[in-house]
Amino acid sequence: IRPFRSRGAKRACVWPASVVRLILMDIQLPGINGIEALQRLRADPVTSATPVIAVTASVMTQDRSRIMAAGFDGFQCKPISVNHLLATVRETLDKS
C-alpha cells in the first residue's frame, strides 16, 4: 500500500494493482477532483491499466462527455442504482 497526499487532502492509499481489479472514483473528492486523481493513477505504471469507473451526481450530457473523455472506463451517476452499478462493473471488467 502506497500512501499519498494531495493539496491538503487527507491521506489516501493506493493498493497494489495485483490486488485491485477496479476502482470506483468519486469525481467530487475533497482537495482533489476525480479527474486529477485518475490522471495520477494513469501516470503510475502500477495502476495505469486498472479500470476506473467515475461516480458522480453530475449527470448532464456535457459532464458525462467530459468525464469519459478524461479516460474513465465507465460512468455511474448518483444516486446509485445497484443493478446499474453491477452492470457497469461487469461491463468494465469484461472489457479489461
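Before any of the text, the structure's been laid out above.
Quick caveat: nothing in here was measured; it's all calculated off a predicted structure. (Residues numbered from 1 in each chain as written. Predicted model: local features only at pLDDT ≥ 70, side-chain atom pairs only at ≥ 80, totals over all residues. Heavy atoms only, no water.)

Trainee: Mind showing me how you'd approach the pairing of strand S6 (residues 52-56) here?
Mentor: Along any regular strand the residues' side chains alternate between the sheet's two faces. Counting buried residues along S6, five of its five residues qualify, which places the element largely inside the surrounding structure. Every second residue of S6 is oriented toward a common face, with Val52, Ala54 and Thr56 on one face and Ile53 and Val55 on the other, all of them buried. Judged from the four bridges that link them, strand S3 (residues 23-26) and S6 form a sheet pairing that is parallel. Of the residues in S6, the one forming a bridge with Leu24 is Ile53. Relative to strand S7 (residues 74-77), S6 is paired through four bridges, and the arrangement is parallel. Its bridge partner being in S7, Thr56 is matched across the sheet by Cys77. In the classification by handedness, the crossover that spans S6, the intervening helix H2 (residues 61-69) and the parallel S7 is right-handed. (Buried < 20%, exposed > 50% of the residue type's maximum accessible area, 1.4 Å probe, protein only. Helix = DSSP H or I, 4+ residues; strand = E, 2+ residues; numbered from the N terminus. Pairing = 2+ DSSP bridges. Right-handed = clockwise from strand over helix to strand, strands pointing away.)

Trainee: What am I meant to see in helix H3 (residues 82-95) here?
Mentor: Spacing of three or four residues puts side chains on the same side of an α-helix, whose turn is 3.6 residues. When the terminal C-alpha atoms of H3 are compared, their 20 Å separation across 14 residues agrees well with the 20 Å that a helix rising 1.5 Å per residue should span. Residues Leu85, Thr88, Val89 and Thr92 constitute the buried set of H3. Buried residues of H3, viewed axially, fall in a sector of 100°; they line one side. Exposed residues on H3 whose side chains face more than 90 degrees from its buried face are Asn83, Arg90, Glu91 and Asp94. (Expected span 1.5 Å × (residues − 1). Arc of directions from axis to C-beta.)

Trainee: How do you make sense of the nonpolar core when you look at a structure like this?
Mentor: Side chains of nonpolar character tend, in soluble globular proteins, to be buried together. By size, the foremost hydrophobic cluster in this structure holds 14 residues, and its most contacted members are Ile23, Met25, Val52, Ala54, Ile67 and Phe72. Looking at this core, the elements that each hand over two or more residues are S3, helix H1 (34-43) and S6. The dominant element in this core, judged by the number of residues it contributes, is H1, at four residues. Setting aside residues no more than four positions away along its own chain, Val52 makes contact with Ile23, Met25, Leu38, Leu41, Arg42, Phe72, Asp73 and Gly74. (Core = buried A, V, L, I, M, F, W, Y, C linked by side-chain atoms within 4.5 Å. Contact = heavy atoms within 4.5 Å.)

Trainee: Help me out: how do you make sense of the pattern of salt bridges in this one?
Mentor: Side chains that carry opposite charge are capable of pairing whenever their charged atoms lie near each other. One pass over the full model with this rule turns up three salt bridges. Close ionic contact of Arg40 with Glu36 constitutes a salt bridge, the shortest N to O distance being 3.1 Å. A residue pair is termed a helical-turn pair when its members lie 3 or 4 positions apart in one helix, as Arg40 and Glu36 do in helix H1 at four residues. With relative accessibility at 15%, the residue Glu36 sits in the buried group. (Salt bridge = Lys/Arg side-chain N within 4 Å of Asp/Glu carboxyl O.)

Trainee: Help me understand unusual backbone geometry in this model?
Mentor: Leaving glycine out, the prevailing phi sign among residues is negative, and the prevailing peptide bond configuration is trans. Backbone torsion omega between Lys78 and Pro79 reads -5°, so that peptide bond is classified as cis. Take Pro79: it is sitting in the loop between S7 and H3.

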